[in-house]
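Okay, here's what each chain looks like letter by letter:
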Amino acid sequence: MRILVTGGAGFIGSHLVRHLLAERETHVVNLDALRYSGNLDNLKDLDGHARYRFVHGDICDAALVDRTVREQRIEAIVNCAAETHVDRSIVEPGGFVRTDVVGTSVLLEAARTAGIRRFVQVSTDEVYGDVPSGRSKESDPLAPRSPYSASKAGADLLALSYFTTYGLPVLVTRGSNTFGPNQYPEKFIPLFVTNAIEDQPLPLYGDGLQQRDWLYVQDHCEGIALVLGKGEPGQAYNLGAGEERPNREVTEAILGLLGKSRSLVRHVTDRPGHDRRYALDCGKIATLGWTPRFSFGEALKATVAWYRDNAGWWQKIKSGEFRAYYEKMYGARLRDAQGGR
Ligand code: TYD
């Protein structure tokens with residue numbers, strides 16, 4: 001199969017590209033705009049790989065997308081390209097609508113025109129909104145509450161509409177919070193791990209009792225690949241680990257693994273509209289034969305070890321554009337913060 005992975009230089013995308021290439025018959029074309037979180041360092045090991053090709057470009061560029069699909073004889077598309085960070089979406093929502101909604105619509109149109117055999121839209125558990133109790137099923141109404149999750153919900157529903165309206169074989173995956181090597185250090189786990197390594201404060205939002213279900217990136221990629229191969233067109237599939245943890249507990253686990261003091265923790269002003277809990281019912285994907293292979297404990301240990309062993313990777317990022325972002329997002333919060341617990 002010849003597969004177009006968009007956003008393949010990003011975190012989940014780069015792991016997915018490598019995972020798909022492990023299948024000997026698969027060819028992968030990676031279309032990535034290389035904006036702030038797209039990073040070719042994530043794919044260095046694939047330089048010169050016979051079944052891999054990189055195309056630099058934006059999913060909103062319809063002419064480029066059409067040309068790539070045609071010239072590369074693409075049979076399937078997996079859309080991993082997205083603006084994904086909730087805090088950035090609160091500051092600059094427009095870019096999220098453009099990439100996540102408009103970009104997805106461009107890909108869907110290209111897929112429809114070219115008669116693509118499979119289209120996987122990589123969505124998120126955040127489309128269900130805040131879930132105070134119980135677990136979200138795929139049939140639940142979407143109730144996103146941030147510009148990020150609203151833009152992903154728009155793309156998710158648009159993709160499914162292409163199945164209903166045009167019979168395009170669309171599949172949607174709704175993964176839970178993902179972590180692992182190569183994740184851009186704006187996200188909670190890599191930010192806290194790298195800050196702790198450098199003995200910098202850890203900015204914990206609000207009371208730190210918000211809960212997320214933590215899925216290791218390898219498990220997430222295996223789930224996406226399974227849906228690509230065996231999912232039923234027109235269906236959405238939840239992908240969660242069942243490893244719900246309050247942020248405080250994750251913070252303590254990180255500090256424990258690095259042998260660092262709790263005094264690094266700062267309780268800072270909460271994120272506006274902060275969803276307190278996400279939780280997924282994963283019965284549907286289990287019927288396809290997927291369950292996560294990694295426990296949270298072993299995956300976090302491997303992740304912390306990767307950041308410790310690959311300081312060059314994240315120090316390069318943190319010394320660039322990231323510094324201005326960090327000051328804007330955390331400067332005042334940290335100056336006003338209370339320390340300890
Ligand atoms: P994040 O990685 O941004 O993922 P999402 O908001 O999409 O779930 O955040 C995970 C959790 O960690 C979320 O409850 C917000 C919290 N958090 C902090 O407490 N401090 C931070 O600096 C960040 C980035 C996140």
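Everything that follows concerns the structure shown earlier in this document.
Parameters at a glance
Every chain's residues receive numbers from 1 upward, in the order its sequence appears when written. Residues qualify for local features only when their pLDDT is at least 70, as the model is predicted, and side-chain atom pairs are given and counted only at 80 or more; totals for whole chains, interfaces and linings, by contrast, use all residues. Based on all heavy atoms of the structure, the side-chain values leave hydrogens and waters out of the count. Elements are defined by DSSP. Helices are runs of H or I of four residues or more, strands are runs of E of two residues or more, and each kind is numbered from the N terminus. In this treatment the radius of gyration is a C-alpha quantity, and the globule benchmark scales as 2.2 Å times the residue count to the 0.38 power. The contact definition used throughout considers only heavy atoms, calling two residues in contact when any of these lie within 4.5 Å. Areas reported here follow the Shrake-Rupley algorithm with a probe of radius 1.4 Å; residue values treat only the protein chains shown as occluding. For the charge count, each Lys or Arg is scored as positive and each Asp or Glu as negative, with His and the chain ends excluded. Each charge is placed at NZ for Lys, CZ for Arg, CG for Asp and CD for Glu. Being near a molecule or strand, for a residue, means having at least one of its heavy atoms within 4 Å of it. Residues adjacent in sequence count toward polar contacts only when both atoms are side-chain atoms; beyond that, a polar contact is any pair of N or O atoms within 3.5 Å, and within protein one must be able to donate a hydrogen and the other to accept it. Classification convention: Asp, Glu, Lys, Arg as charged; Ala, Val, Leu, Ile, Met, Phe, Trp, Tyr, Cys, Pro as nonpolar; all other residues, Gly among them, as polar. For the purposes of this section, nonpolar cores are sets of buried Ala, Val, Leu, Ile, Met, Phe, Trp, Tyr and Cys residues that join through side-chain atoms within 4.5 Å. Accessibility here uses a 1.4 Å probe with only protein chains present; expressed as a share of the type maximum, an area under 20% marks a residue as buried, one over 50% as exposed, and anything in between as partly exposed. When a carboxyl oxygen of Asp or Glu lies within 4 Å of a side-chain nitrogen of Lys or Arg, that pair is called a salt bridge. In this description, strands pair whenever DSSP reports at least two bridges between them. Every axis in this analysis is a line fitted to C-alpha atoms, fitted for helices over the stretch in contact. Angles between the N-to-C directions lie between 0 and 180 degrees. Note on terminology: angles under 35 degrees are roughly parallel, angles over 145 are roughly antiparallel, angles of 65 to 115 are roughly perpendicular, and the others are oblique. For a crossing to be left-handed, the near helix must be turned anticlockwise from the far one by less than a right angle; the clockwise case is right-handed. Pairing of aromatic side chains requires ring centres within 6.5 Å, counting the rings of Phe and Tyr and the six-membered ring of Trp. Pairs whose planes differ by under 30 degrees are stacked, by over 60 edge-to-face, and all others tilted. Counted as over-ring charges are cases with an Arg CZ or a Lys NZ within 6 Å of the ring centre that also lie within 35 degrees of the ring normal.

Draft legend 1. Layout of the overall build of the chain. Along its length, the chain carries 12 helices and 14 strands. The C-alpha radius of gyration computed for the chain amounts to 19 Å, which stays within 12% of the reference 20 Å derived for 341 residues, consistent with globular compactness. In terms of overall dimensions, the chain has a C-alpha envelope of 55 × 45 × 35 Å along the principal axes. Once local pairs closer than 6 in sequence are excluded, the contacts in the chain between residues at least 24 apart make up 83%. When the accessible surface of the chain is split by element, carbon and sulfur atoms take 49% of a total near 13900 Å². Of the charged side chains in the chain, 42 are positive and 42 negative; the average position of the first set lies 2 Å away from that of the second.

Draft legend 2. Structural context of the site of the ligand. Inspection of the region around the ligand gives 20 residues, with Glu126, Arg212, Arg271, His274 and Tyr330 positioned closest. Residue Asn177 places a side-chain N or O atom 2.9 Å away from an oxygen atom belonging to the ligand. Among the elements of the structure, helix H3 (86-91), helix H6 (188-197) and strand E8 (202-205) are those that each provide at least two residues to the shell around the ligand. Taken together, the residues of the shell around the ligand sort by class into 9 nonpolar, 5 polar and 6 charged.

Draft legend 3. Quick look at the nonpolar core. Counting 35 residues, the largest nonpolar core has Val5, Leu16, Val17, Val78, Ile224 and Ile285 as its most contacted members. Of all elements in the fold, only strand E1 (2-6), helix H1 (11-21), strand E4 (76-79), strand E5 (118-124), helix H7 (217-230) and strand E11 (236-239) reach the threshold of two or more residues within this core. What Val78 contacts, discounting residues up to four positions off in sequence, is Ile3, Leu4, Val5, Thr6, Leu16, Val120, Val122, Ile224 and Leu228. If you look at the next biggest cluster of nonpolar residues, it comprises 34 residues, including Phe179, Phe188, Leu204 and Phe296.

Draft legend 4. Broad picture of the pattern of salt bridges. Using the criterion set out here, one finds 24 salt bridges in the structure. Across the pair Arg277 and Glu244 runs a salt bridge whose closest N-O atoms are separated by 3.3 Å. One end of the pair, Arg277, is in the loop between strand E13 (265-268) and helix H9 (283-286); the other, Glu244, is in strand E12 (residues 244-246), with 33 residues separating them in the sequence. Connected through shared salt-bridge partners, Arg35, Asp58, Glu83 and Arg98 make up one network.

Draft legend 5. Here's a closer look at the sheet that holds strand E6 (residues 170-175). Spatial strand order, E3-E2-E1-E4-E5-E6-E11: 7 strands in an open sheet with parallel pairing. Strand pairing shows two members of the sheet lacking a second neighbour, strand E3 (52-56) and E11, which therefore form its edges. In this sheet, adjacent strand axes meet at a mean angle of 20° when their direction is disregarded. The sheet contact formed by E1 and E4 spans 4 bridges and is parallel. Across the sheet, residue Leu4 finds its bridge partner in E4, namely Ile77.

Draft legend 6. Expanded view of the packing of helix H10 (residues 296-309) against helix H11 (residues 311-318). In the contact formed by H10 and H11, the axes pass within 5 Å of each other and the chain directions differ by 70°. Taken as axis vectors, H10 and H11 run roughly perpendicular relative to one another. On H11, the residues that touch Trp306, Tyr307, Arg308 and Asp309 of H10 are Ala311, Trp313 and Trp314. For the contact of H10 with H11, the residue count by class is 5 nonpolar, no polar and 2 charged.

Draft legend 7. Representation of the packing of helix H8 (residues 247-258) against H10 in the model. Closest axis-to-axis distance for the H8/H10 pair is 10 Å, and the angle between their directions is 55°. On the basis of their axis angle, the class for H8 and H10 is oblique. Our pair here, H8 against H10, has a crossing hand that is right-handed. Of the residues in H10, those in contact with Val250, Ala253, Ile254, Leu257 and Leu258 of H8 are Phe296, Leu300, Lys301, Val304 and Arg308. Of the residues in the contact of H8 with H10, the class split is 8 nonpolar, no polar and 2 charged.

Draft legend 8. Broad picture of the packing of aromatic side chains. Taken as a whole and judged by the stated rule, the model has 17 aromatic pairs. Between the aromatic rings of Phe96 and Tyr148, the centroid separation amounts to 6.3 Å while the plane-to-plane angle is 80°, which identifies the pairing as edge-to-face. Of the two residues, Phe96 is situated in helix H4 (residues 94-114) and Tyr148 in helix H5 (residues 147-166); the sequence distance between them amounts to 52 residues. When the ring of Phe322 is compared with that of Tyr325, the centres are 5.6 Å apart and the planes differ by 50°; the resulting orientation is tilted. One end of the pair, Phe322, and the other, Tyr325, are both in helix H12 (residues 322-336), 3 residues apart, so they sit about a helical turn from each other. Of the two residues examined, Phe322 and Tyr325, each falls in the buried class. Taken together through their ring pairs, the aromatic side chains of Tyr36, Tyr184, Tyr205, Phe322, Tyr325, Tyr326 and Tyr330 make up a single cluster. Taking the ring centre of Tyr36 as reference, the NZ or CZ of Arg88 above it sits at 3.7 Å. A cation sits over an aromatic face here: Arg88 above Tyr325, 4.0 Å from the ring centre.

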